[in-house]
Amino acid sequence: MTKLQNAIVGGVRAVLGHVPASWLPGGTPDPLIDKRVALGRQQSRVDGPDKVRGAAQFAAEVPMDDLLYAAFVHSTIARGNIADLDVSAAEAAPGVALVMTYRNTPKLGVPPTVGLTNLKAAGNHTLPIMQDPEIRWNGQVVAVVLAETREQADHAATLVRVRYASAPARTRFEEGKNSAYTPESILVERNRLDKGDARRKLAEAAFKVDAVYKTPWENHNPIEPHAATIVWRDGKLIVHDATQMINATAGSLAKVFGLKADEVHVSSPYVGGGFGAKAMWDHQILGAAAAKLAGRPVRVTLSRASMHRLVGGRMRTEQRVALGADAEGRLKALLHHGYGVKPRHSVCDEGFSLTGRSLYASESFDVVQHYVDLDLLANSFMRGPGETPGTFAIECAMDELAHALGMDPIELRRRNAATRDAVSGAPHSQNAMMEAYDLGAARIGWSRRTAEPGSRREGEWLIGMGCASGTFPFTRMPGTSARITIDGNGDAHVASAAHEMGMGTATVQRQHAADRLGLPLDRVTVTIGDSSLPFASFAGGSSQTASLAAAVSAASGKLAVQLMRLAGNDTPLAGLKPSEVEFADGGLRSVDDPARHESFTSILRRAGRSELSAIGESGAPLEILKFSMHSTSAIFCELRVSDVTGEIRVDRLVGAFDCGRILNAKTAASQFKGGMIMGLGMALTEETLLDERTGRIMSTSLADYHVPVHLDVPDIDVLWTDIPDPRAPLGARGIGEIGTTGVAAAIANAVFNATGKRLRDLPLTLDKLI
Amino acid sequence: MTIRVNGTEVSPPDDARVSLLDLLREHLHLTGTKKGCDQGACGACTVLLDGNRVLSCLTLAAQAEGSDVRTIEGLAGEGDDLHMLQQAFVEYDGLQCGYCTPGQICSAIAMADELRRGDPSYVTRDIAASPPPVTRAEIRERMSGNLCRCGAHNGIVEAIEHMLRETAA
Ligand code: FES
Ligand code: FES
């Protein structure tokens, strides 16, 4: 992003600094922060029964007549050109309907790229898609085969013959660092932060640590492969997709194929795990192009290998963190410099250097991150982008500093926890990280920890404990909207083009709408997952629940106005203004005199209406520019390390979260645990292996890319402060990403406590410990 | 010979390359059985073949001729009732996205039989003890072939424990 963007964001922040807080969103805290009936409870997921009986239909399962199956052929070089291409054997193979290469691919526009300024954009890179013979990364699609059956398509794909003319490719991280580039901004933040003469303060500090931390390329690997069932009908493009970006995908496909917005329909009611990966990559575009060319519907299901070659992962990072402190442990200087692999054609930032700016009140900062431009597949957002690798570096460094000071690591954090934004001075909307530490420390029994590394042993096992902070910023997306319809029975139906990939979206919004509208749960339904529903932005940045909550809340306000208008004068509510009534008992009632009440059914019947709808929208999120709004957490780990094999067994994980109010104790606990388990994988096993000679990914299967299995996952305790954020709808900040942050550091810190070995290079595999 | 799928006789596919998984999903439209990797690494495609758990992606449909295949769609009784384990998955929130879920459930049902008949596992301390004690470690080890990327592991183990408790009583 640009200097101009820095100037705009800076300007808005400066102006909002002078605007009274009461004028901004959340100026009057949401009454549902405290008035809760269904919210906050343990509520089983509404889609649970369908999912456990296998009745929930995913993208690759939509039945369709006359279907063709797609198989992809990927380039085997990183850079160069296709010199010879022979598709004759593939075309002649049984069942083959079409082989599409750059020679016959229809002209395709480059999709608008994903970002915060265009919510209808989903492009993850800026490269042309099969428009020319040029190869730009190892794994790029060079041919799409369509056949009557999957077996025929897969076989024919092996018959496509390609000869390449290779060109020199940049595929080595160390070499790429020499020509790294430095963006002006990271997401909406200015990249360079130089405040308070950090270099001098670091040099003069009584205690200091200075080290380099490394995190590898990682892949999301949702269990559902990327898939789309695609059909052109009467000039319209219909895509049953697996996506966390329904409207952005629809908008982008419209641009790519030169269609009007309403000529693309994207449906995605269930997504089998996303974590950032279920976005728009080349496969939907190529599938739609091939379907157009063949004049028949197409099903694309990526193989595991194709997923790794076509869908980007979390960038590899290398981060230097230097901390300087006085004898009391107060931070005098925080230096955070780093490199991450972001090819020039990539659009997703990994803001690892943002982490250290919000957690601790250092006297000075010297922060900047650089990107390494390589000839590789574009990188992408992955659960807890930025903060996940960022907390690994910062929180390991804090542990090292605590050790250098001979201080308890929790105490070091207590002495430095920010009480307002450490950089801008903006007030926190709410922040109780140290309360989270207290909760977590009590739960894991932190007092059992011995400060001396390597001092607890049981047989071959060295035992240790560690902790770390996690953090993730609050986001609320403007433009997300929801429709509430009250039917003739007085039941409410909420609809929005939002996404369900395991978060419990419909479950929580049903609880919300029930409480908002004064209805019991069983009189509310929620429909999501289709671009024909009111607009919703993507599911990302832990923003969906807050954005939807704001939209449903706004819709309920409009609904109240319309109901009062319909009610007219023959109602117990006559004479009251909309601001003087509230939803209660399946209708509206006077705030001052609860006896004055009329039900929805009665209002609709008298007006001769069978139903009534209102649409509300999440407005501009000005609160995030006025306040410092971050969720925080305290992660604790107890583990064993074998001094024979180097094997690490994590025995306990505790996560204590300060994320505002919790809306559904059951699904929230699952989401926190899920995030923590991804952090566990990051710590111990996960790594996408790149052959730096060829730019080819070697670990393209679940047998090679190791995600945690049941035996790796201990009992996990999650706790929360449940303190409302008065600036957030429902008092709740997002919870989807933060679970992953801080976990790898807590585990690495526990390994140090157990063994005295400080590992700074993830994953913490056995070879690094023996 | 035919294949019995949830009690219904079906003919094997003409193309010998068709896996049991693709027979179920693409030919019979029984899409409750999931494809996660198609190469034996994730467990999402687990079904019961004559009562034993198998990875249907690594099983050719032809291998199932003369056999009884039970899928997630065939677990519940008539009507809307869920199998006890399906109900427990909902109750203990043993799922998030739900994509690994049918495989986890089918796998756990066969695993319970393996436990009952005394098959030892990697974590069984005393392999002479039959049946092995039902511990979380036993459940976890025996379920480790079923990946869950959403991280529903704790809920899955609790749901399985619940079933083992109820059926032992
Ligand atoms: S689909 Fe069969 S094991 Fe993954
Ligand atoms: S519930 Fe999503 S993979 Fe297990």
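Residues numbered from 1 in each chain as written. Chains lettered and ligands numbered in written order. Predicted model: local features only at pLDDT ≥ 70, side-chain atom pairs only at ≥ 80, totals over all residues. Heavy atoms only, no water.

### Some words on the overall build of chain B
Phase 1 of the analysis: Each helix and strand in chain B was counted, giving five helices and five strands.
Phase 2 of the analysis: Scanning chain B from its N terminus toward the C terminus, one meets helices and strands in the order β-β-α-β-β-β-α-α-α-α.
Phase 3 of the analysis: The C-alpha radius of gyration computed for chain B amounts to 16 Å, which stays within 12% of the reference 15 Å derived for 169 residues, consistent with globular compactness.
Phase 4 of the analysis: Taken over 169 residues, chain B has a buried fraction of 57%. (Helix = DSSP H or I, 4+ residues; strand = E, 2+ residues; numbered from the N terminus. Rg over C-alpha atoms; globule rule 2.2 N^0.38 Å. Buried < 20%, exposed > 50% of the residue type's maximum accessible area, 1.4 Å probe, protein only.)

### Quick word on the overall build of chain A
Phase 1 of the analysis: Across its full length, chain A carries 19 helices and 31 strands.
Phase 2 of the analysis: In terms of overall size, chain A behaves like a compact globule, its C-alpha atoms giving a radius of gyration of 27 Å where 770 residues would be expected to give roughly 27 Å.
Phase 3 of the analysis: For chain A, the C-alpha atoms occupy an extent of roughly 80 × 75 × 55 Å along the three principal directions.
Phase 4 of the analysis: Considering chain A as a whole, with its 770 residues, one finds that 65% of them fall into the buried category.
Phase 5 of the analysis: Sequence separation of 24 or more characterises 82% of the internal contacts of chain A that already satisfy a separation of 6 or more.
Phase 6 of the analysis: Taking the 83 positively charged and 85 negatively charged side chains of chain A as two groups, their mean positions are separated by 3 Å. (Contact = heavy atoms within 4.5 Å. Lys, Arg positive; Asp, Glu negative; His and termini not counted. Charge placed at Lys NZ, Arg CZ, Asp CG, Glu CD.)

### Concerning the sheet that holds strand β4 (residues 52-55) of chain B
Residue and element names in this part refer to chain B.
Phase 1 of the analysis: Read from one edge of the open sheet, five strands run β2-β1-β5-β3-β4, paired in mixed fashion. Looking at which strands have only one partner, the edges of the open sheet turn out to be β2 (8-10) and β4. If you compare each strand with its neighbour and ignore which way they point, the axes differ by 35° on average.
Phase 2 of the analysis: Bridge count for strand β3 (residues 46-49) against strand β5 (residues 68-70) is two bridges, and the pairing is antiparallel. From the neighbouring strand, Leu48 faces β5, where its bridge partner is Arg70. (Pairing = 2+ DSSP bridges. Axes fitted to C-alpha atoms, helices over the stretch in contact; angles between N-to-C directions.)

### Regarding the interface of chain A and chain B
Phase 1 of the analysis: Taken together, the contact pairs 57 residues of chain A with 55 residues of chain B.
Phase 2 of the analysis: Summing both sides of the interface, chain A and chain B together bury roughly 4,400 Å²; the carbon and sulfur share of this comes to 55%.
Phase 3 of the analysis: Considering only the surface of chain A that becomes buried against chain B, Val52, Ile223 and His710 of chain A emerge as the three largest contributors, covering 19% of it.
Phase 4 of the analysis: Summed over the shared surface of chain A and chain B, the result is ten salt bridges. (Buried area = accessible area lost by both parts, 1.4 Å probe. Salt bridge = Lys/Arg side-chain N within 4 Å of Asp/Glu carboxyl O.)

### Points about helix α14 (residues 505-517) of chain A
All names here are of chain A.
Phase 1 of the analysis: Helix length check: α14 (13 residues) gives 18 Å between terminal C-alpha atoms against 18 Å at 1.5 Å per residue, within 8%.
Phase 2 of the analysis: In terms of residue burial, α14 counts as a mostly covered element, since 13 of its 13 residues are buried.
Phase 3 of the analysis: Phi turns positive one or two residues past the end of α14, at Gly518, with a value near 65°. (Expected span 1.5 Å × (residues − 1).)

### Remarks on the environment of Ser252 of chain A
Phase 1 of the analysis: Tracing the chain through its elements places Ser252 of chain A in helix α7 (residues 246-257).
Phase 2 of the analysis: A distance of 2.7 Å separates a polar atom in the side chain of Ser252 of chain A from the backbone nitrogen of Ala122 of chain A. (Polar contact = N/O pair within 3.5 Å; in protein donor to acceptor, adjacent residues only side chain to side chain.)

### Remarks on the sheet that holds strand β25 (residues 597-599) of chain A
Residues and elements named next belong to chain A.
Phase 1 of the analysis: The sheet built from three strands is open, its strands ordered β23-β24-β25 with antiparallel pairing. Looking at strand neighbours, the two that pair on one side only are β23 (581-584) and β25, the edges of this open sheet. Taken over all neighbouring pairs, the strand axes of this sheet differ in orientation by 25° on average, direction set aside.
Phase 2 of the analysis: Pairing analysis gives three bridges linking strand β24 (residues 587-590) to β25, with the strands arranged antiparallel. Among the inter-strand pairings, Gly587 is bridged to a residue of β25, identified as Ser599.
Phase 3 of the analysis: On the sheet, helix α15 (residues 544-567) packs against β23, β24 and β25 and is oriented at approximately 105° with respect to β23.

### Focus: the side chain of Ser267 of chain A
Residues and elements named next belong to chain A.
Phase 1 of the analysis: Positionally, Ser267 belongs in strand β13 (residues 264-267).
Phase 2 of the analysis: Judged by its relative accessible area of 11%, Ser267 is buried.
Phase 3 of the analysis: A distance of 3.3 Å separates the side chain of Ser267 from the side chain of Asp530, its partner in a polar contact.
Phase 4 of the analysis: Every residue in contact with Ser267, bar those within four places of it in the chain, is listed here: Val239, His240, Asp241, Gly529 and Asp530.

### Let's talk about the packing of aromatic side chains
Residue and element names in this part refer to chain A.
Phase 1 of the analysis: Enumeration over the complete set of coordinates arrives at ten aromatic pairs over all chains.
Phase 2 of the analysis: Each ring, one from Phe58 and one from Tyr270, has its centre 6.0 Å from the other, and the planes form 45°; the classification is tilted. Of the two residues, Phe58 is situated in the loop between α2 (48-52) and β1 (68-74) and Tyr270 in the loop between β13 and α8 (282-294); the sequence distance between them amounts to 212 residues.
Phase 3 of the analysis: Of note, Lys292 hangs over the ring of Trp232, and the distance from its end group to the ring centre comes to 5.1 Å.
Phase 4 of the analysis: Sitting over the face of the ring of Tyr181, Arg344 holds its NZ or CZ atom 3.7 Å from the ring centroid. (Phe/Tyr/Trp six-rings, centres within 6.5 Å; stacked < 30°, edge-to-face > 60°. Lys NZ or Arg CZ within 6 Å of the ring centre and 35° of its normal.)

### Considering the environment of Thr76 of chain A
Residues and elements named next belong to chain A.
Phase 1 of the analysis: Here Thr76 lies in the loop between β1 and β2 (80-86).
Phase 2 of the analysis: For Thr76, a relative accessible area of 44% puts it in the partly exposed group.
Phase 3 of the analysis: Expressed as a C-alpha distance, the spacing of Thr76 and Ala397, which sit 321 residues apart in the sequence, is 40 Å.
Phase 4 of the analysis: In contact with Thr76, other than residues within four places in its own chain, are Asn138, Tyr164 and Arg696.

### So, the domain arrangement of chain A
Residues and elements named next belong to chain A.
Phase 1 of the analysis: Domain parsing of chain A yields domain 1 (59-168 + 224-272 + 278-310), domain 2 (185-218 + 314-475 + 625-768) and domain 3 (476-620).
Phase 2 of the analysis: Contacts between domain 1 and domain 3 engage 17 residues on the former and 17 residues on the latter.
Phase 3 of the analysis: For the pair domain 1 and domain 3, the summed buried surface comes to about 1,400 Å²; carbon and sulfur atoms form 60% of the total.
Phase 4 of the analysis: It is Leu119, Gln244 and Asn247 that lose the most area in domain 1 upon contact with domain 3, and together they represent 43% of the buried surface on that side.
Phase 5 of the analysis: Viewed at the interface, domain 3 and domain 1 are joined by zero salt bridges.
Phase 6 of the analysis: Between domain 1 and domain 3 we count nine residue pairs in polar contact (both at pLDDT 80 or more) in total.
Phase 7 of the analysis: With four residues, the single largest contributor to the side of domain 1 that touches domain 3 is β13.
Phase 8 of the analysis: Residue classes in the side of domain 1 that touches domain 3 are distributed as nine nonpolar, seven polar and one charged. (Domains from an automatic or database assignment. Nonpolar A, V, L, I, M, F, W, Y, C, P; charged D, E, K, R; others polar.)

### Description of unusual backbone geometry
Phase 1 of the analysis: Leu762 of chain A connects to Pro763 of chain A through a cis peptide bond whose omega is -5°.
Phase 2 of the analysis: Relative to the helices and strands, Pro763 of chain A is located in the segment after α19 (743-755).
Phase 3 of the analysis: The phi dihedral of Asp722 of chain A is positive, around 60°, even though this residue is not glycine.
Phase 4 of the analysis: Relative to the assigned elements, Asp722 of chain A resides in the loop between β31 (716-720) and α19.
Phase 5 of the analysis: Within the chain, Asn6 of chain B stands out as a residue other than glycine whose phi angle is a positive 50°.
Phase 6 of the analysis: Tracing the backbone shows Asn6 of chain B in the loop between β1 (3-5) and β2.
Phase 7 of the analysis: Asn6 of chain B gets classed as partly exposed once you look at its relative accessible area, which sits at 26%.

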